[in-house]
Protein chains: 2
Amino acid sequence: MTRFASRLDNVQASAIRELFALLGKPGIISFAGGFPDAALCDAEGIAAASQQAISRYPMVALQYGASEGFAPLREWIAGSMSSPGAATEAARIVVTTGSQQAIDLLGKVLLEPGDVALVEQPTFLATIQAFRLYGARLIGIPTDADGADVDALERLIAQHSPKLVYLIPTFGNPSGGLMTQERRRRVVEIARHAPQTVFVEDNPYGELWFDRPPPASIYSVAAADRELVDRFVYLGSFSKILTPGLRCGWMAAPADLLARAVMVKQFADANTSTLAQVTTYCYLDSGRLPATVERVRRVYSDRARAMGDALDAKFPVNSLRFERPQGGLFYWVRVAGDVDAPKLIRAGVDRGVAVVPGSAFYAEQPDAQTMRLSFATAGSDAIEQGVARLADAYRELGGRPS
Amino acid sequence: MTRFASRLDNVQASAIRELFALLGKPGIISFAGGFPDAALCDAEGIAAASQQAISRYPMVALQYGASEGFAPLREWIAGSMSSPGAATEAARIVVTTGSQQAIDLLGKVLLEPGDVALVEQPTFLATIQAFRLYGARLIGIPTDADGADVDALERLIAQHSPKLVYLIPTFGNPSGGLMTQERRRRVVEIARHAPQTVFVEDNPYGELWFDRPPPASIYSVAAADRELVDRFVYLGSFSKILTPGLRCGWMAAPADLLARAVMVKQFADANTSTLAQVTTYCYLDSGRLPATVERVRRVYSDRARAMGDALDAKFPVNSLRFERPQGGLFYWVRVAGDVDAPKLIRAGVDRGVAVVPGSAFYAEQPDAQTMRLSFATAGSDAIEQGVARLADAYRELGGRPS
């Protein structure tokens, strides 16, 4: 019998994975995915960029590369993160195999059994699992639609001296929430008095705003102070604005942490696909990104409105609690009143609509009445129909307005 | 001060990395790389495959994918590994971000502090480091040009009950050695009596044979016994025959191990770039691989001969000990007699030739008189000239025939 490492005891096959097994059902309308709509990708532009990558940079794109990443891509990323008065240098950037890898590298260089990491309640499922695989104890920060509760954050830091704090302040997965500018500034102030803690801002959704751009990133607020920023880490991704197919993300981090992350990346996958990196760079260099992002924002904004309108129209008043997201891909919904959310989710699958149970997104004390609905991949008509099916399931289960 | 995880104390920035910093010198002839020659890649075929990937499979190539990998690619890989009487099913395959990731996943699912892993002396540097990051204690198996010493292997297994045994039996890095058919069979027999040990065969170089194909893989010998093969793992790679730029490798493993590897991969990088996977598949499907591999073999064979001839011609008789490799990318050379190899390597850099010190490739008791010379990326003339420079350095240091 193979003896597996005990670190595996800290995680379990995801509840979402089990749900996905049900999704093969014909005709199902899925709000369950955590991914963008591949049909919105600029396939033509990406194809052209991959040709250019091979014709312009064959000895880079077809060879192993530095674990840090392709230098022109690192330069581009650093430039995109710089703001007036706060430059980010390419030397702070490592290109990662999706930002998922950055999460894994952070766990590997920082976390060991018994260490505490603070995460929002709810937060990204794969972060919980990645950190637990390194033995960390995850403690949840109370969070609302305006982001993490900063007073609670301050108390939890004093209480636990965590190795790291992990936040998705902008259109978070699954919460869809947006941390206010005031709270972002408070996080930076709190960091001043927590010298043993690394603050991680994961921002894969920031470009997907609807009516107005979100407040400046926590990282850019911290970057105004050259010493303080050395305890801040920023994770970015091209998956939601360009394509998930290239698996190109990045981490901005201080020199000591970056050197260690690059070393462990060397032994994790040597380097992120050079062809993918150079293709990404050629795409960025082509100048097509702004128009693509503009188009993607408009589509998601329309779908978000369709989903909000349908939830309002199809469900009884006060049967659901949710805020309309200002960007990103998700509605985070709490089922109020007299219907059990897990039962509703199962009944929804029977009626041909899939959503994700919210419990999986909690590091502790899950709220079983929550669920995540993605509006990313269904058109407005399908959204309306899917929500109607879920509302039918709700009534079938005896749901009444509270 | 950031508190890093103590697992980092088990590794150090590689000696090779430090050497590479010296390689910027103009006019240097490098035998130091561990990589294939990117100029031998079928750039045109890869570019065509990446176009096809996007035009034929846009919703796969531009989207997230299953952590296991793209199903048609897994099928192709399984087919390529099957042999008469021993089929390998696609269900045993996970596509990895280079075979480096497979090594990392194996460490993560199997190794914990105090566990023993057996590796050849010398072996692949990044395997040593990857396994040490999970706290494993690495113990070396005495190895010669015919592969690991199987009697020693049997003794070491009895003594240490290792979690895993890691072998590169075919044109290994750095040894260039080729394990005999007889020893391969012995490994499988030894496994029969070591039910708590997983046997890993890493085979990135197997296709790069010169005059005749190597003996059947250890995995395929084990695969004739459906129960026994469940303790064998095989790592493959497209990096040396197609391009390292796609970062596509794979692992074949039994169901219990595969399920855990796929789970931890989900939290390590979600999936290997789908565009890279589909591009790889489209290339394989195009039928161009056999001709490419044929061409690559011929070039490396010529370069290997050029290097062997130059080493024989330029160095005094008996000053070096090496076997001519029958495939792969490397000469493994021991400096005999009265010259200190680390000094020779430094003097070589001064004279414009770079090789890699062998010490870094030992898990324990390094032999400082060894060095690795790659013939992969220099043409025959440059090989002759580089070896001549190294021989000049040898004489400058007072080297005499022993």
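Structure first, text after, so check above.
Below or above, wherever it landed, is the structure these notes cover. What you see is a predicted model, and the numbers here were worked out from it, not measured in a lab.

Re the interface of chain A and chain B
Link 1 in the chain: Chain A puts 74 residues into the contact, and the matching count from chain B is 74 residues.
Link 2 in the chain: Carbon and sulfur atoms make up 58% of the surface buried where chain A meets chain B, a total of about 6500 Å² over both sides.
Link 3 in the chain: Looking at the side of chain A facing chain B, the largest losses of area belong to A:Arg3, A:Tyr64 and A:Phe267, adding up to 13% of the total buried there.
Link 4 in the chain: With a shortest N-O distance of 2.7 Å, B:Asp104 and A:Lys108 are connected by a salt bridge.

Overview of the packing of helix 10 (residues 255-268) of chain A against helix 5 (residues 98-110) of chain B
Link 1 in the chain: Put simply, helix 10 of chain A and helix 5 of chain B touch, their axes get as near as 7 Å, and they point 100° apart. In this view, helix 10 of chain A runs roughly perpendicular relative to helix 5 of chain B, as classed from their interaxial angle. Within the contact between the two elements, helix 10 of chain A uses A:Gln266, A:Phe267 and A:Ala268 and helix 5 of chain B uses B:Gln100, B:Gln101 and B:Asp104.
Link 2 in the chain: Of the residues assigned to the contact of helix 10 of chain A with helix 5 of chain B, the class counts are two nonpolar, three polar and one charged.

Describing empty space enclosed by the protein
Link 1 in the chain: Scanning the model with the defined rule gives eight cavities of 30 Å³ or more in all.
Link 2 in the chain: When its volume is computed, the largest cavity comes out at roughly 80 Å³.
Link 3 in the chain: Contributing to the lining of the largest cavity are A:Ser50, A:Leu246, A:Ser273, A:Leu275, A:Ala276, A:Thr279, B:Ser50, B:Leu246, B:Ser273, B:Leu275, B:Ala276 and B:Thr279.
Link 4 in the chain: At the level of elements, helix 11 (274-285) of chain A together with helix 11 (274-285) of chain B are the ones that each hand at least two residues to the lining of the largest cavity.
Link 5 in the chain: Residues of the lining of the largest cavity, tallied by class, amount to six nonpolar, six polar and no charged.

Quick look at the pairing of strand 3 (residues 116-121) of chain A
The side chains of a regular strand alternate, residue by residue, between the two faces of the sheet.
Residue and element names in this part refer to chain A.
Link 1 in the chain: In terms of burial, strand 3 is largely enclosed, as six of its six residues are buried.
Link 2 in the chain: Alignment of strand 3 against strand 4 (residues 137-144), held across six bridges, turns out to be parallel. If you follow Gln121 over to strand 4, its bridge partner there is Pro142.
Link 3 in the chain: Crossover strand 3 to strand 4 through helix 6 (residues 125-133) is right-handed.

Structural notes on helix 10 (residues 255-266) of chain B
Side chains three or four residues apart in an α-helix point the same way, a direct result of the helix having 3.6 residues per turn.
Link 1 in the chain: The terminal C-alpha atoms of helix 10 of chain B, which comprises 12 residues, lie 16 Å apart, in line with the 16 Å expected from a rise of 1.5 Å per residue.
Link 2 in the chain: Taken as a whole, helix 10 of chain B has its buried residues at B:Leu257, B:Leu258, B:Ala261, B:Val262, B:Met263, B:Val264, B:Lys265 and B:Gln266.

A look at helix 8 (residues 181-192) of chain A
All names here are of chain A.
Link 1 in the chain: For helix 8, spanning 12 residues, the distance from its first C-alpha to its last is 17 Å, which sits close to the expected 16 Å at 1.5 Å a residue.
Link 2 in the chain: The complete set of buried residues in helix 8 reads Arg183, Arg184, Val187, Val188, Ile190 and Ala191. The arc enclosing the buried residues of helix 8, seen along the axis, measures out at 160°, which places them on a common side.

Topic: the nonpolar core
Link 1 in the chain: Residues A:Phe31, A:Phe232, A:Leu373, B:Phe31, B:Phe232 and B:Leu373 are the most contacted members of the largest nonpolar core, which totals 200 residues.
Link 2 in the chain: When neighbours within four sequence positions are excluded, A:Phe232 is seen to be in contact with A:Val188, A:Ala191, A:Phe199, A:Ile218, A:Tyr219, A:Ala222, A:Ala252, A:Ala253 and A:Pro254.
Link 3 in the chain: Within the second largest apolar cluster, 76 residues are counted, among which are A:Phe4, B:Val11, B:Leu133 and B:Leu235.

A closer look at the pattern of salt bridges
Link 1 in the chain: Throughout the structure, instances matching the rule amount to 46 salt bridges over all chains.
Link 2 in the chain: Taken together, the salt bridges that share partners define one network made up of A:Glu89, A:Arg92, A:Arg226 and A:Asp230.

Basis of the calculations
Residues numbered from 1 in each chain as written. Chains lettered and ligands numbered in written order. Predicted model: local features only at pLDDT ≥ 70, side-chain atom pairs only at ≥ 80, totals over all residues. Heavy atoms only, no water. Contact = heavy atoms within 4.5 Å. Buried area = accessible area lost by both parts, 1.4 Å probe. Salt bridge = Lys/Arg side-chain N within 4 Å of Asp/Glu carboxyl O. Axes fitted to C-alpha atoms, helices over the stretch in contact; angles between N-to-C directions. Helix = DSSP H or I, 4+ residues; strand = E, 2+ residues; numbered from the N terminus. Parallel < 35°, antiparallel > 145°, perpendicular 65-115°, else oblique. Nonpolar A, V, L, I, M, F, W, Y, C, P; charged D, E, K, R; others polar. 1 Å grid on protein atoms, 1.4 Å probe; cavity = no way out; pocket = protein on both sides within 12 Å on 5 of 7 lines; lining within 4 Å. Points joined across faces, edges and corners; volume = space filled by probe spheres on them. Buried < 20%, exposed > 50% of the residue type's maximum accessible area, 1.4 Å probe, protein only. Pairing = 2+ DSSP bridges. Right-handed = clockwise from strand over helix to strand, strands pointing away. Expected span 1.5 Å × (residues − 1). Arc of directions from axis to C-beta. Core = buried A, V, L, I, M, F, W, Y, C linked by side-chain atoms within 4.5 Å.

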